[in-house]
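Here is what each chain is made of, one letter per residue.
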Amino acid sequence: MAPLVFFTHNMLYLDQLILNHVQTRHGQSVQFRNIHELYYLKTQRAQVKMDHPEKEMKHRLRVCVATCNRADYSKLAPIMFGIKSHPDIFDLEVVVLGSHLIDDYGNTFRMIEQDEFDIGSKLHTIVRGEDEAAMVESVGLALVKLPDVLQRLAPDILLVHGDRFDALALATAAALMNIRILHLEGGEVSGTIDDSIRHAISKLAHYHAVCTLSAERHLISMCEDHSHILLAGCPSYDKLLTAHQRDDYADIIKSWLGDHVQEQDYIVALQHPVTTDIKNSIKIYELMLDALISFNKKALILFPNIDAGSKEMVRVMRRKGVEQHPNFRAVKHVPFDQFIQLVAHAGCMIGNSSCGVREAGAFGTPVINLGTRQTGRETGENVLHVRDADTHNKIFHALELQFGKRYPCSKIYGDGNAVQRILKFMQTINLSEPLQKKFCFPPVKDCICQDIDHILETQSALAVDLGGTNLRVAIISMKGKLVKKYIQLNPKTFEERIELILTMCKQAMADAVHLNCRILGVGVSTGGRVNPQDGVVLHSTKLINEWSSVNIRTPLSSALHLPVWVDNDGNCAALAERKFGDGKGVENFVTIITGTGIGGGIIQHNELIHGSTFCAAELGHIVVSLDGPECTCGSHGCIEAYSSGHALQREAKKLHDADLLLVDGMSLNNKEQVTAVHLINAAQYGNSKAESILHTAGTALGLGIVNILHMVNPSLVILSGVLAKHYENQVRQVISHRSLLSVQETKVVVSSLEDPALLGAASMVLDYTTRRTC
């Protein structure tokens, strides 16, 4: 069917819906009961304003959402609220089954009712026993009960989430009854029986909404139709990225852990059985509890899910006295809105829940992932893996390393716009299209981004170059294309610079949506000595005042909700060459930047060299003369004192003051400042003194490069920057006359990249975010 549109009377409906949810108590306004609903009512009201009615809609899409447990409801609820806020387009039916209806697991169907969803059917499908046979019997019982419900509801689309055995029963029943299935979060890898179930559901499903590019590629390699796959992101991320800003998080912490427990001074523990290795998973669980007891911090411990082995894990809890321990609070269920607050402000999360490797990354919460249940999942840098342990000491040490730390927030699994994409995707489903699935067998279409009709974006980075004069921000794609660039004069103070960077980045992020670019992170290139591990500028250049011993990463990451990388501009130039330039595919090379100063970067065995104090590749300060001119670093005879733009300007002024600079064909008015350009022009016009200065500068640079060749023996030297082409021939001559025979054939080239600082900043983001898997 054709894409559907909103009507203007929807605005009245949404306004009324908002009013109906605002009550007063003792004369004061009460906040919305659920942040899911508030978010979607507001965003959809804004969307109504932009849409224009064209024709009356003939058919509402009948969508059945089936939820089996507390975990999948946290992913499905945002979509359900989105569907509910579009009554002219969708007709929502809700089916509840599985552990939602079991008292031991918190009777979590009540939270669905509290969210004011009408539950059309409640199916008791769990056969108790918590072993492998009980799981099989539960699937069978669900298959017996589901046909009557699905036949009565007759949905156009059934939404199924994830990899639970209950979801497999849902997908099997719907596929056999010729009901279209939209599978959420397929294509992921976690290393347990969940993988087999997840992939089986994907094969039964007709449409897919995935969270990551890797998941999309997995589905394509599994012969799924690429046009039926939407790269949406995780629906729960739509609210996670702002959830930690709630004002009442301290009250939530106190309500679950006690009045004296502070933010980042407690642990959230959630461990489930691994059904393919129950014995080992119970051992790991017991060691985790021992480590928590020894670590002596407050901990919120959630009961495991209903999988085979959970009964034995509960026995371990009770044998250890967890429920009576003064440091522990053991609970069966925490409402998701409160649970994410507890995770967001925890000192650490431990266990094997997918929440640790997915949702916790949105807050930068440190996570210890235990065992094999999440093996293969894409994770952020906040996750520390403990694959196996024979004593609790290894887990205890992991707690010591992780507890209380904070990491940049990660958007691997979503950018906050998943539900909008999924709703639009569902509207494009053609119900008149044949129901029979088509499999796309090899060769597989290898695409970086999806079709634009499904709002599929090009993976991109925000690159920031902090220069002495200008502050530049750019959107750069995976292939190194500069999509859009922004330039402003660099302010003088730290506070003004940070404020301007944030303003420019936010503008770029807003523009990226319209340019079909998905921003993966921010890379910052700056002068001076940088600690890239912590994102701190240790010592800046004289051109950038008040930019020393400052943390750039934290304020940018916190405000933009993106991971941030920071490095020296010379290192960034080397990274740019490695990814996009002449250094691509070269294992060992050196990049020399010739500009206002002299800098560079060294790539050895395909890795950038930083050094023990982050001072490696300060190539401009290699001394080539014991009694040479004074350098900006305070020493004498450095390359930078001879060959930099500042050095050439200094010599040009000396010639000009002595009336020895200008020759026939040149002119310079009284108000014009003498620069290195005038010296170069004078040399080109035949000024012998200018030629001599450039020859000396080129020789000094060449001697420095000879020293580099003798120290690190690269196979390639790349000259970059505005002065590179003027030094190229002289550098080659010095190498041929002054270096050892074994390095005289080293290749020297002038960089072909137009903007290495920005490209290098982008490459930090693009290289890291696309290979960050465990």
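Note that the structure is predicted; figures quoted are calculated from it, not measured.

Let us now look at the sheet that holds strand β25 (residues 598-604). An order of β26-β25-β24-β27-β28 is seen for the 5 strands of this open sheet, with the pairing classed as mixed. The open sheet is flanked by β26 (607-608) and β28 (747-750), the only strands paired with a single partner. With 2 bridges joining them, β25 and β26 adopt antiparallel strand pairing. Bridged to Gln604 within β26 is Glu607. Set on the sheet, helix α24 (residues 724-738) makes contact with β24 (589-594), β27 (716-720) and β28; between it and β28 the angle comes to about 170°.

The next subject is helix α15 (residues 393-402). Along an α-helix, residues three or four positions apart point the same way, because every turn accommodates 3.6 residues. Among the residues of α15, those classed as buried are Ile395, Ala398, Leu399 and Gln402. Axial view of α15: buried residues confined to an arc of 100°, hence all on one face. Elements in contact with the buried residues of α15: β10 (266-270), α11 (278-295), β13 (348-351), β14 (367-370) and β15 (383-386). Count one or two residues on from α15 and you reach Gly404, which has phi positive near 85°.

Another aspect to go through is the pattern of salt bridges. By the definition in use, this model includes 28 salt bridges. Ionic pairing is found between Arg198 and Asp195, a salt bridge with its closest N-O pair at 2.6 Å. Here Arg198 and its partner Asp195 are both found in helix α7 (residues 193-204), 3 residues apart, which amounts to about one turn of the helix. The same class applies to Arg198 and to Asp195, which are both buried. Here the residues in one salt-bridge network are Lys75, Glu185, Glu188, Arg358 and Glu359, joined through shared partners.

Further remarks concern the pairing of β28. In this sheet, β28 lies alongside β27 in parallel orientation, the contact comprising 4 bridges. Within the sheet, the bridge partner assigned to Leu716 lies in β28 and is Lys747. This β-α-β element, β27 to α24 to β28, shows right-handed connectivity.

The rules behind the values
Residues numbered from 1 in each chain as written. Predicted model: local features only at pLDDT ≥ 70, side-chain atom pairs only at ≥ 80, totals over all residues. Heavy atoms only, no water. Pairing = 2+ DSSP bridges. Helix = DSSP H or I, 4+ residues; strand = E, 2+ residues; numbered from the N terminus. Contact = heavy atoms within 4.5 Å. Axes fitted to C-alpha atoms, helices over the stretch in contact; angles between N-to-C directions. Buried < 20%, exposed > 50% of the residue type's maximum accessible area, 1.4 Å probe, protein only. Arc of directions from axis to C-beta. Salt bridge = Lys/Arg side-chain N within 4 Å of Asp/Glu carboxyl O. Right-handed = clockwise from strand over helix to strand, strands pointing away.

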